[in-house]
Amino acid sequence: MNNHSLRWLGLLLSILVFLCPTFSASFLPNMFHPSVSNEQLLISLDCSDINGTIRPFGDINDGPTPMKNEPRYVDLTDQYKDIGISSIRTHDLFGPTDMTTIFPDWTADPTDESSYHFETSDPLITRMRDAGCQVFYRLGESAGDNETLRRPPENFTKWAQVATHISMHYNDGWNQGFSYNIVYWEVWNEPDLNGFWNGTAEQYYELYHITADAIKTYNSSLKIGGPCTSSITNMSYTQGFLQYILYHDVPLDFFSWHRYAASPYEMYNASRYIRQLLDTYGYFDAENINTEWNLDILTPQRDKDNARNAAFTACCLTVFQDAQLDHAYRYRGNQDNNWLMRFLGLDLSLFTYTGIYKRPALTYLAMKEIVQETPLRLSAPPMDASDGITYLAGISEDQTNISILLSNFDVADTTYSLEIANLPWDAPYTIAEYLIDETHHLEIINQTTQNQSSAPLTGVLQENTIHFYRLTNVSTLPEEGPSVAKIPFLLRLHLLDPLTRILAILLVLLIFS
């Protein structure tokens, strides 16, 4: 087989791993999916039994600035604040924060202020900070069809100098810059894919090595990490990468990886695997950070916008609590109004380009309510997330509010019984039940007043639904969710699924070839 054929084969396998999580998931340890029991789901909660705090995982790629500077495209600052987004990764902004945009002439002097162009990146970074978000800076290039941007830099030392001066600009005011305290700096994006890096793994190790040393020399308090791999089964960018940095004593503050999964349990297992891997190599203090995640990319567009992805999101945010995961940057927040990408199922945004919620964004809205109002996590029975059903409960510090989140992803309708003991109230209290499904957008479907010291709740957890309970002895309840974007008729047609899946693969191959 000639080199050209080998390159195409490697590219195809990379795309399959990237687009088909089940392809790579089969190699993960401890992956099993037992059948779901037909028995009633019984969940017992004790309001006096606290087990840590609930984490929001309000991390996202891109935004709040719209993808295009056109009148119909809206800024998402208000939406990000509403759903609790707290950190934004600067990948796939398609230009402004990319290295070649900021430093376009690689023959220029990296210490000369005039060599840099921050005109487009500054407004975007400032908008992120104005939205109350921390910035997670990806050093490298966005996805695209420019083959030259996939090549390893000709001069790794100069590239590292440029990266350091970008950090100086945003953290220490260099070159009329800012004091934004951007802590996290990620080296490149998905070097295991030819579409982002057509060099060798060893070349990536060297680039990471030189960049990490340069940034740490400038400011040792900054956090540097990688390898931002699309596949955690690629040994070159897991074991191979860790072996290199361990042998050469290279700084590693976080290990970053991506996962577009068929199930939340795959996300859970992948995260635990990475944590175990880091500990095996002695990196006990290195953070475990997923910098891109979402539902399997080859699912049809409707499943990225509907209650199925909302349930997937809710289950993921629940299992992340115990997945030894430090951050999880969902891909992505804002949308390009590109009909072809939507037809092929490649639009992963939480909001439309006009700022309208998609159903998965409602899950973040519910999670924000849980974290802000009831952050103390209640102990719950052991949960086997492999069956697609998850639950999470919390109580407020002043014991005025209790929240419960029940989620069903791709599981047959299941009856459940919630037994809540040691409620902290003697006076009457309110129970409100909210629902997210294909016809409800985080709407109250039941509201009652009780005065019992225990609260048995029963119901049916239908497939791909989320039930959010709020128990309170005060008069205020969370607001219902906003209306969501409608899914066009064409995207609801199941018979087109095989065609759109094939076309999506061909499009990615065309762009990345």
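Residues numbered from 1 in each chain as written. Predicted model: local features only at pLDDT ≥ 70, side-chain atom pairs only at ≥ 80, totals over all residues. Heavy atoms only, no water.

Trainee: Sorry if this is basic, but what is going on with the packing of helix α9 (residues 264-280) against helix α11 (residues 307-319) here?
Mentor: Angle between the axes and distance between the axes are the two parameters that describe a pair of packed helices. In the contact formed by α9 and α11, the axes pass within 8 Å of each other and the chain directions differ by 25 degrees. On the basis of their axis angle, the class for α9 and α11 is roughly parallel. When you trace α9 past α11, the crossing you get is right-handed. The segment α9 lies against α11, with Pro264, Met267 and Tyr268 engaging Phe312, Cys315, Cys316 and Val319. For the contact of α9 with α11, the residue count by class is seven nonpolar, no polar and no charged. (Axes fitted to C-alpha atoms, helices over the stretch in contact; angles between N-to-C directions. Helix = DSSP H or I, 4+ residues; strand = E, 2+ residues; numbered from the N terminus. Parallel < 35°, antiparallel > 145°, perpendicular 65-115°, else oblique. Left-handed = near helix turned anticlockwise from the far one by under 90°. Contact = heavy atoms within 4.5 Å. Nonpolar A, V, L, I, M, F, W, Y, C, P; charged D, E, K, R; others polar.)

Trainee: In this structure, what is going on with the pattern of salt bridges? I would like to understand it.
Mentor: If charged atoms from side chains of opposite charge come close, those side chains can pair. What the rule picks out here adds up to 20 salt bridges. With its nearest N and O atoms 2.6 Å apart, the salt bridge here joins Asp410 to Arg308. Placement of Asp410 in the loop between β13 (401-408) and β14 (414-421) and of Arg308 in helix α11 is noted, with a sequence separation of 102 residues between them. Classification of Asp410 as partly exposed rests on a relative accessible area of 33%. (Salt bridge = Lys/Arg side-chain N within 4 Å of Asp/Glu carboxyl O. Buried < 20%, exposed > 50% of the residue type's maximum accessible area, 1.4 Å probe, protein only.)

Trainee: I tried to follow the sheet that holds strand β7 (residues 223-229) on my own but got confused; where do I start?
Mentor: To summarise the sheet geometry, strands pair through backbone hydrogen bonds and adopt either a parallel or an antiparallel arrangement. Read once around its circumference, the closed barrel built from eight strands follows the order β3-β4-β5-β6-β7-β8-β9-β10, with strand pairing classed as parallel. Each adjacent strand pair in this sheet contributes to an overall mean axis angle of 25 degrees, direction not counted. Pairing of strand β5 (residues 134-139) with strand β6 (residues 184-187), which is carried by four bridges, proceeds in the parallel orientation. Among the inter-strand pairings, Tyr137 is bridged to a residue of β6, identified as Trp185. Together, β8 (254-261), β9 (287-295) and β10 (327-330) form the strand contacts of α11, whose direction differs from that of β9 by roughly 165 degrees. (Pairing = 2+ DSSP bridges.)

Shape descriptors only; they carry no functional weight alone.
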